[in-house]
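Survey of secondary and tertiary structure
Each chain is listed here by its residues.
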Amino acid sequence: MSVEDTKQELISDPASTFAVTGHPDNGVPHVQPRPPIVYTSPSAFFSSVGARWKSLWTPRFIFSLVAGQVVSLCITVTNVTTTELVERNWSLPTTQTWFLYFSLFATYTPYTMYKYGLKGWAKMVAKDGWKYFILACCDVEGNFLVVKAYNYTDLMSCMLLDAWAIPVCMFFCWVYMRTKYHWTQILGILICIGGLGMLVTSDSITDKNYAALDRGKGDAFMIAGATLYGFTNATEEFFVRQSPLYEVVGQLGMWGMLINGIQASALEHHDMTQASWNGATGGFLVAYTAAMFLLYTTAPLLYRSASSPYFNISLLTSDFYGLLFGLFLFHYSPYWLYFVAFGTTIIGLVVYFWHATRTLSHPLFTCAFQVLMFMRL
């Protein structure tokens, strides 16, 4: 099968769109409008809300909700492992992410070659490589700038400014795909940001903030990094809705590995000789790479089943998971507002899907779809 045939199959595949029309008899999902909200009487109103609530729990929504929390948990694992590495005299943020890009390249590029053939893969790189190079460059520099921001500004600024990635992502989704957001989706995003505000308040009350070394420089780094995050998320969603997932992730890994490797050798070649290389740091590095690999693998699936803005608001629960890690690893004392913030964010994620068109399909298709989609596409 040629590259063009594979991509044409993707375009006609139901996984590549947010909602498609079709017939369940041939295994293709079809759209069914959600039950309308009735305002004629209180009893009719609550009955219609209950019907809408039941209709919300489709396989696509359940997958999106669970996948969003998986990537949020992955972010927490990377934060914990990075903290442990720094405490063990291993602070090489650029080198650290090189192993991620290498693992993506080593996993998905050979599979792309198998699907396209070596000549087809080379043609794809020659034709579309420049697009993936830009995507990888922005992803690498976004990671680098955010890490640098934590070195200069305080925790509160980092948490708040990191949310800037959400409107940036929404803007670029509109630029690429002319996405139209329903008011319930906007409301869901605002509710999630409200949950973030509660988390920031909780950290302030429990005195988890730290002094800023250079707030102006740190805030500028964080805004720039969040802008690149929003751009890369929207761009990757645009790519995975047109091309196979293994092609996009494999190319991101290949170009990211090259860019990151050059940057690491230029900025951290001296620090590499001073860092502590031992079994403990190696274990935490493996855990970090595994968590990031899972995140980068799950994210495109989440872009397909929901959207890149949904991916971004799902990450807002990561601080709550960080609290759970802290309870067991660092013996933190939980503050009640953390639990309220987590619940508020989950409500926002549900509200985001409140108006989304329902997609029905065969039971076997819905159960196996998300598991097999990555290998088939």
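Below you will find a few notes about this structure. Being a predicted model, the structure only gives us computed values, none of them experimental.

**Description of the overall build of the protein chain**
Of regular secondary structure, the protein chain possesses 16 helices and two strands. Residues counted as buried form 49% of the 377 residues belonging to the protein chain. Sequence-distant contacts, at least 24 apart, represent 87% of the contacts inside the protein chain between residues at least 6 apart. Working note: accessible area of the protein chain is about 17300 Å², and carbon and sulfur atoms make up 70% of it.

**Quick look at the pattern of salt bridges**
For the coordinates displayed, the defined rule picks out three salt bridges. Residue E84 pairs with R88 through a salt bridge whose shortest N-O separation is 2.4 Å. Put simply, K131 and D128 hold a salt bridge, and the shortest N to O gap is 3.4 Å. Taken together, the residues K131 and D128, both in helix 5 (residues 118–152) and three residues apart, mark about one turn of the helix.

**Details of the packing of helix 4 (residues 93–116) against helix 10 (residues 245–267)**
For the pair helix 4 and helix 10, the least separation of the axes is 6 Å and the interaxial angle reads 145 degrees. The two elements helix 4 and helix 10 meet at a crossing, and its hand is left-handed. Residues that form the contact of helix 4 with helix 10 fall into these classes: 14 nonpolar, eleven polar and two charged.

**Notes on the packing of aromatic side chains**
Per the stated rule, a full pass over the model turns up 30 aromatic pairs. The interplanar angle of 80 degrees and the centroid separation of 5.3 Å between the aromatic rings of W90 and W277 together place this pair among those described as edge-to-face. Of the two residues, W90 is situated in the loop between helix 3 (59–87) and helix 4 and W277 in the loop between helix 11 (269–274) and helix 12 (279–305); the sequence distance between them amounts to 187 residues. Note on Y132 and F239: the rings are 5.3 Å apart at their centroids and 75 degrees apart in plane angle, and the pair reads as edge-to-face. With Y132 in helix 5 and F239 in helix 9 (residues 215–240), the pair connects residues that are 107 residues apart, well separated along the chain. Y132 gets classed as buried once you look at its relative accessible area, which sits at 2%.

**Let's talk about the nonpolar core**
Ranked by internal contacts, the top residues of the largest apolar core, which has 65 residues, are Y132, Y296, L302, Y310, F311, I313 and F353. With residues up to four places along the chain from it excluded, the contact list for I313 reads I166, I189, C192, T345, L349 and Y352. Of all hydrophobic cores here, the second largest spans five residues; its members include L85, W90, A275 and L285.

**Here's the deal with the packing of helix 5 against helix 10**
Interhelical geometry of helix 5 versus helix 10 gives an angle of 55 degrees and a closest axis separation of 7 Å. With respect to helix 10, the element helix 5 is oriented oblique. Handedness of the crossing formed by helix 5 with helix 10: right-handed. For the contact of helix 5 with helix 10, the residue count by class is 16 nonpolar, five polar and four charged.

Rules and cut-offs
Residues numbered from 1 in each chain as written. Predicted model: local features only at pLDDT ≥ 70, side-chain atom pairs only at ≥ 80, totals over all residues. Heavy atoms only, no water. Helix = DSSP H or I, 4+ residues; strand = E, 2+ residues; numbered from the N terminus. Buried < 20%, exposed > 50% of the residue type's maximum accessible area, 1.4 Å probe, protein only. Contact = heavy atoms within 4.5 Å. Areas by Shrake-Rupley, 256 points an atom, 1.4 Å probe, with all protein chains shown as cover. Salt bridge = Lys/Arg side-chain N within 4 Å of Asp/Glu carboxyl O. Axes fitted to C-alpha atoms, helices over the stretch in contact; angles between N-to-C directions. Left-handed = near helix turned anticlockwise from the far one by under 90°. Nonpolar A, V, L, I, M, F, W, Y, C, P; charged D, E, K, R; others polar. Phe/Tyr/Trp six-rings, centres within 6.5 Å; stacked < 30°, edge-to-face > 60°. Core = buried A, V, L, I, M, F, W, Y, C linked by side-chain atoms within 4.5 Å. Parallel < 35°, antiparallel > 145°, perpendicular 65-115°, else oblique.

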